[in-house]
Amino acid sequence: MGRIRPHAFRHSFATAVLDASDGNLVVTRDAGGWASAQVVDEIYAHVDVNDHAFNAALLKTWGE
């Protein structure tokens, strides 16, 4: 199983809630118990890997 990092669960959880709520920072803040939506945005809200434009840009960058 390898090394387990409990803090990684917060990232996984935040990503899952952001995905399920269409990126709603307030819903994610409330679900995860964070102090502010800004914290969620700055630390956990990464680019949307399901966004077609984002994926197309990556493929272009990687020459695929």
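Residues numbered from 1 in each chain as written. Predicted model: local features only at pLDDT ≥ 70, side-chain atom pairs only at ≥ 80, totals over all residues. Heavy atoms only, no water.

A. Representation of the overall build of the protein within the structure. Regarding its fold elements, the protein presents 4 helices and 0 strands. Order of helices (α) and strands (β) in the protein, N terminus to C terminus: α-α-α-α. On the principal axes, the C-alpha backbone points of the protein span a range of 40 × 35 × 20 Å. Contacts in the protein between residues at least 24 apart in sequence constitute 28% of all its contacts with a sequence separation of at least 6. Accessible surface for the protein amounts to roughly 5,000 Å². Of this, 58% is attributable to carbon and sulfur atoms. (Helix = DSSP H or I, 4+ residues; strand = E, 2+ residues; numbered from the N terminus. Contact = heavy atoms within 4.5 Å. Areas by Shrake-Rupley, 256 points an atom, 1.4 Å probe, with all protein chains shown as cover.)

B. Representation of helix α3 (residues 37-44) within the structure. Within α3 the residues assigned to the buried category are A37, V40 and Y44. End-on, the buried residues of α3 take up no more than an arc of 75°, which puts them together on one face. Of the exposed residues in α3, those oriented more than 90 degrees away from the buried face are Q38 and E42. Along its buried surface, α3 packs onto α1 (6-20) and α2 (25-32). (Buried < 20%, exposed > 50% of the residue type's maximum accessible area, 1.4 Å probe, protein only. Arc of directions from axis to C-beta.)

C. Quick look at the packing of α2 against α3. Following both chains from N to C, one finds α2 and α3 inclined at 95°, their axes separated by 8 Å at the closest point. By the angle between their axes, α2 is roughly perpendicular relative to α3. For the pair formed by α2 and α3, the contact residues are L25, V26, T28 and R29 on the first element and A37, V40 and D41 on the second. (Axes fitted to C-alpha atoms, helices over the stretch in contact; angles between N-to-C directions. Parallel < 35°, antiparallel > 145°, perpendicular 65-115°, else oblique.)

D. The arrangement of the side chain of S21 in detail. Checked against the element boundaries, S21 lands in the loop between α1 and α2. The contact partners of S21, leaving out residues within four places of it in the chain, are V27 and T28.

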